[in-house]
Amino acid sequence: MAAVTSVSVDIATPRLRLLVLQPTPFCNIDCSYCYLSSRTSAARMSLETLDSACRRVFESPLLDRQLEVAWHGGEPLTVPLAWYEKAIALLAERCPDALKLKHRFQSNGVLLNDGWARFFARTGATIGLSIDGPAHLHDASRRTRSGHGTHKEVMRAVRLLQDNGLAFHVITVLTERALDDPDGLFDFYVQNGIKEVGFNIEEIEGVHSQSSLASADVETRFRRFIKRLFELVCNTPGLLAVREFESTIGLLLSSEPAKDEQNLAFAIVSVSHDGTLSTFSPELLGAHHRRFGTFALGHVKEHRLSDLERAPLFRVINNEIRRGVEACERSCRYFRWCGGGAPANKLFETGRFDATETMHCRLTRQVVLDEVIEGIQARMGRRELPHDLCITEAP
């Protein structure tokens, strides 16, 4: 058996782009596909813990000139607005002068009100709403803990943000039942003044161990869905921006190969409500796995970010993730436009970080890239794209 090498990390190179802060693990609704659905604790991050997190992050040489702060890991709006007023002020006070912070909130919208809207406007925070489309799709999965649909409440949130002149984006989770109606989804966004949307798929992740997209015929249907949606977006320029199309076109035009920050140590740092530190995919924070136990690599009150590199668990995880990325590079013709895949999806789909192809990468990377290239070629009268933009077989 070949010796297992240890992959070191350059802890001095600026790379930290995203800080995920979990103010609470609790969510006020119970989505059928959510990996967080089993977490019902209403525990809240203390300002003391947040202060320790600020110290650990802001002292790190990993920082560049800008840092995105994502409030994530439950429904952030279940924590009182008064707490965020203090938290944002604390972050601003501790932040180095040369560093720019950008706050991002992703919400189910149920608790959104005028006070939150004024807060978002004042802080310049980016706002995302989770909406799965028309009521029959949304309410099938996104329900309250008593079993009622939440579509009416989230559409009230849409109107509230629009009335306050606040830009926002939408995240839609695609389940199997959504794939047959791309026109209906497109019309829903346009008719409701939604300008930006990103699509997540129903993933196999954490406690959500099955997906309606795992059936044999889904890839063909998903391909038809993406093809038709790309056609609709291109035929009505300026009405709807789709994250997947924008990012794919950006990759095709770039001279640099794609990188996935989820498989790069310390590009993302996650802090739980109790101060636990982790890196790689944010979904690993608070998760349990039979091979690794938890993914807690340290604690903000005891460890610098540089200390995490020496943690035995970090070394095991990092080495396995690197082997998986290297295997993808050797075997996959899509690697240049993917960067090796998300560790969380590899682990929860296959049981290992050093796996290669997953359902997640087939649908969200391979199919999307294929159909965007096909759609561009169709609009160019079938003229082939330049050779360096086409997918070539791996050597």
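My aim in this report is to walk through the structure given alongside it, one point at a time.

Rules behind the numbers
Residues numbered from 1 in each chain as written. Predicted model: local features only at pLDDT ≥ 70, side-chain atom pairs only at ≥ 80, totals over all residues. Heavy atoms only, no water. Axes fitted to C-alpha atoms, helices over the stretch in contact; angles between N-to-C directions. Helix = DSSP H or I, 4+ residues; strand = E, 2+ residues; numbered from the N terminus. Parallel < 35°, antiparallel > 145°, perpendicular 65-115°, else oblique. Contact = heavy atoms within 4.5 Å. Nonpolar A, V, L, I, M, F, W, Y, C, P; charged D, E, K, R; others polar. Buried < 20%, exposed > 50% of the residue type's maximum accessible area, 1.4 Å probe, protein only. Lys, Arg positive; Asp, Glu negative; His and termini not counted. Salt bridge = Lys/Arg side-chain N within 4 Å of Asp/Glu carboxyl O. Polar contact = N/O pair within 3.5 Å; in protein donor to acceptor, adjacent residues only side chain to side chain. Expected span 1.5 Å × (residues − 1). Arc of directions from axis to C-beta. Phe/Tyr/Trp six-rings, centres within 6.5 Å; stacked < 30°, edge-to-face > 60°.

Observations regarding the packing of helix H8 (residues 243–253) against helix H12 (residues 359–379)
Viewed as axis vectors pointing N to C, H8 and H12 meet at an angle of 75°, and their least axial separation amounts to 10 Å. Taken together, H8 and H12 sit at an angle that is classed as roughly perpendicular. Residue-level contacts link Glu244, Phe245, Thr248, Ile249 and Leu252 of H8 to Val368, Leu369, Val372, Ile373 and Ile376 of H12. Residues of the contact of H8 with H12, tallied by class, amount to eight nonpolar, one polar and one charged.

Quick word on the side chain of Lys346
Within the fold, Lys346 resides in helix H11 (residues 343–350). Although Lys346 lies buried, it forms no salt bridge, and the closest oppositely charged side chain, Asp354, sits 8.1 Å away as judged by the N-O distance. A distance of 3.0 Å separates a polar atom in the side chain of Lys346 from the backbone oxygen of Ala355. When residues no more than four places from it in sequence are discounted, the contact partners of Lys346 are Gly324, Val325, Cys328, Gly340, Gly341, Gly351, Arg352, Phe353, Ala355, Thr356 and Thr358.

What about helix H2 (residues 81–94)?
The end-to-end C-alpha distance of H2 is 20 Å, a good match for the 20 Å that 14 residues give at a rise of 1.5 Å each. Of all the positions in H2, only Trp83, Tyr84, Ala87, Ile88, Leu90 and Leu91 are classed as buried. One side of H2 carries all its buried residues, which in axial view fall inside an arc of 160°. In H2, the exposed positions angled more than 90 degrees off the buried face are occupied by Ala82, Lys86, Ala92 and Glu93.

What to know about the packing of aromatic side chains
Throughout the structure, instances matching the rule amount to 22 aromatic pairs. With a centroid separation of 6.1 Å and 20° between ring planes, the pair formed by Trp71 and Phe105 is classed as stacked. A residue pair is termed long-range when its members are at least 10 positions apart, and Trp71 in strand S2 (residues 63–71) and Phe105 in strand S3 (residues 100–107) qualify at 34 residues. Exposure remark for Trp71: the relative accessible area of 1% places this residue in the buried category. Note on Phe105: relative accessible area 1%, which makes it buried. Relative to Phe105, the ring of Tyr84 lies with its centre 5.3 Å away and its plane at 70°, an arrangement referred to as edge-to-face. Pair noted here: Tyr84 is in helix H2 and Phe105 is in strand S3, with a separation of 21 residues, a long-range link. What makes Tyr84 buried here is its relative accessible area of 0%. Three or more aromatic residues joined by ring pairs form one cluster here, namely Trp71, Trp83, Tyr84, Phe105, Trp116, Phe119 and Phe120.

Geometric descriptors of this kind do not, in isolation, establish any biological role.
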